[in-house]
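What the coordinates show
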Amino acid sequence: MFEGQRVVVAGAGVSGRSVVEALVGMGARVTVADADPDRLTDLNPAATLAPGLAAPPPGTDLVVTSPGWRPSSLLLAAAAKAGIEVIGDVELAWRVAREPVWLAVTGTNGKTTTVGMLAEILRAAGRDAVACGNVGLPVIDAVLAGHEVLAVELSSFQLHWQSSVRPAVSVVLNVAEDHLDWHGSMDAYAAAKGRIHAGAGTAVYNADDVWSTLLAAGHPNPVAFTLDEPGEHRFGIVDGVLVDGDQPLVPVADIAAPGLHNAANALAAAALARCHGIGADAVRAGLSGFRPGDHRAVPVGDWDGVRYVNDSKATNPHAAAGSLAAYPSVVWVAGGLLKGASVDELVAEAAPRLRGAVVLGDGADVILAALARHAPQVPTHRVAPGDDEPMMAAVRAASGMARPGDVVLLAPAAASQDMFRDYAERGEAFVAAVRRLHEVS
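Parameters at a glance
- Residues numbered from 1 in each chain as written.
- Predicted model: local features only at pLDDT ≥ 70, side-chain atom pairs only at ≥ 80, totals over all residues.
- Heavy atoms only, no water.
- Pairing = 2+ DSSP bridges.
- Helix = DSSP H or I, 4+ residues; strand = E, 2+ residues; numbered from the N terminus.
- Axes fitted to C-alpha atoms, helices over the stretch in contact; angles between N-to-C directions.
- Contact = heavy atoms within 4.5 Å.
- Phe/Tyr/Trp six-rings, centres within 6.5 Å; stacked < 30°, edge-to-face > 60°.
- Buried < 20%, exposed > 50% of the residue type's maximum accessible area, 1.4 Å probe, protein only.

Once that is clear, we can look at the sheet that holds strand β1 (residues 6-10). With respect to topology, five strands assemble into an open sheet ordered β3-β2-β1-β4-β5, the strand pairing being parallel. Since the sheet does not close on itself, it has two edges, and those belong to β3 (48-51) and β5 (85-88), each with one partner. For this sheet, the mean angle separating the axes of adjacent strands, direction not counted, is 25°. Taken together, the four bridges between β1 and strand β4 (residues 62-65) define a ladder with parallel strand orientation. Bridge pairing links Val-9 to Val-64 in β4. Most of the contacts of helix α1 (residues 14-25) go to β1, to which it runs at about 165°, and overall it touches β1, β2 (29-34) and β4. On the sheet, helix α3 (residues 89-96) packs against β4 and β5 and is oriented at approximately 90° with respect to β5.

See the structure below:
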C-alpha cells in the first residue's frame with residue numbers, strides 16, 4: 001500500500017516511532033521531523049532525519065502527524081497549502097488493516113478506565129483483545145500484531161486527524177471544557193469528539209451528558225446508558241446493579257474503581273461489549289476483575305485516620321469533579337495548566353465536601369479566586385511559586401488541614417507540564433511526599 005511512497009512523519013514520540021517502523025516495514029521512503037533533535041535518536045536507520053523541518057520535501061506523497069501537532073504548525077500548514085494529505089497515526093492504522101474489530105472510546109474523562117474495563121470484559125469472553133490508542137500502545141502496533149478485537153482510546157487530537165475510521169461500536173463518554181487552547185472553541189472540541197460516530201455500526205451515548213447525547217443524535221443505531229434506572233434507555237442501574245434492560249450484569253459494589261463517574265465508565269464498557277455480542281457472564285467477570293491503572297484514584301495509605309488518594313490523572317475540572325464527588329470530606333490538592341477551562345462550576349459543586357484546599361502551579365490563582373467566590377468558608381493554602389519541593393509543601397499543608405475521616409486527594413483539575421514531565425511524575429511526587437511525611441520507605 002505504501003511501498004515507494006514518500007512519507008513525512010511529523011513527531012518522533014511514542015506513536016511517531018511506531019509509525020516510522022510500520023512505514024519502513026511496508027517499503028515507504030520515510031522522513032522524520034521533530035522540533036527537538038534529541039528525539040530523533042534510535043530510529044530506524046532507513047529513515048531520513050529532518051530536525052526542524054518547516055515544509056515537506058519535494059515529491060512528498062503523505063504526511064502522518066503525531067496527534068498533538070496543531071494544524072497551524074509550519075510543517076502541517078505547508079503540507080495543506082501544497083495539497084499534500086495530512087493524516088494521523090489512527091487513520092494510518094485503519095488504512096493498513098481493517099480486519100480487527102474496533103470498539104472505540106472517546107470523551108473528556110474516563111477513556112483509559114473504560115478501555116481497560118472493556119479489554120478485561122473481552123478477555124473474559126475468550127477474545128484476543130488489547131487496549132490501545134491514547135492509552136499507551138499505538139494503534140498501528142496493535143493492528144500489526146494481529147489482535148482480534150481492539151479497545152481503542154481516541155483523543156480529540158487523534159479524531160481530528162482521521163477521516164475514514166469506522167468502528168463497530170463507538171462511544172462518547174462525556175464532553176466538558178478541555179484542550180480549548182488547541183481546538184479554539186468548545187464547539188470545535190465537541191465536533192472532534194463526535195467524529196468517532198461517523199460510520200460506526202452502533203453509537204453508544206451517555207444519556208446523562210448533554211454533549212454525548214447531542215453527538216449521537218441522528219445516528220441510525222443509538223444505544224444509551226444512564227446512572228439512573230434505564231427507563232427508555234437500555235443500560236442503567238437498578239438497586240445498585242448495572243443492568244442491560246432486564247438482564248443484571250454486575251453490582252456496582254463489585255467494581256474496584258470508586259465513584260459514580262466510574263460506574264458510568266463501567267456502563268459504557270458493558271454497552272460496548274454487549275453491542276458487540278459479548279455475554280453477561282463475561283461482563284460480570286471482566287468488571288469484577290478490573291483494577292484501576294496507576295494515578296487513577298489509587299489509595300496511598302491511611303495515617304492517623306486520614307486517607308491519602310492519588311488521582312493525578314484528573315487533568316481537567318470535569319475529571320476532578322468526579323473524583324471529589326467520591327468522598328464526603330476532602331482536603332483537595334489542585335493546580336497546574338488549566339488550558340482555558342473554567343473551575344467555577346467544579347468549585348461550587350465541591351464546596352460542601354471541602355475541608356480545605358491546597359493549590360500549586362500555573363492555575364493556582366484561578367482556583368483560589370473560584371474558591372473565594374464559591375467556597376469562602378474553606379481554608380486554603382497556596383504553595384509559594386519557586387518552592388524547590390512543591391509537592392512536599394502541598395502534602396504537608398494538606399495533612400495539617402485534615403481531620404480523622406478525611407481524604408487528602410490529589411485531583412489537580414489541570415495538566416501537569418508546568419511543574420512535572422507528565423501526570424505520572426506528578427502522581428509519583430505526591431506518593432513520595434506522603435510516604436516521606438509519614439516516614440514510610
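In this section: the packing of aromatic side chains. Any two aromatic rings considered together are summarised by their centre-to-centre distance and by the angle between their planes. As enumerated under the stated definition, the model contains two aromatic pairs in all. Taken together, a centroid distance of 5.2 Å and an interplanar angle of 85° make the contact between Trp-94 and Trp-102 edge-to-face. A relative accessible area of 6% places Trp-94 in the buried class. By relative accessible area, which is 1% here, Trp-102 ends up buried.

Purely geometric stuff here, so don't read any function into it on its own.
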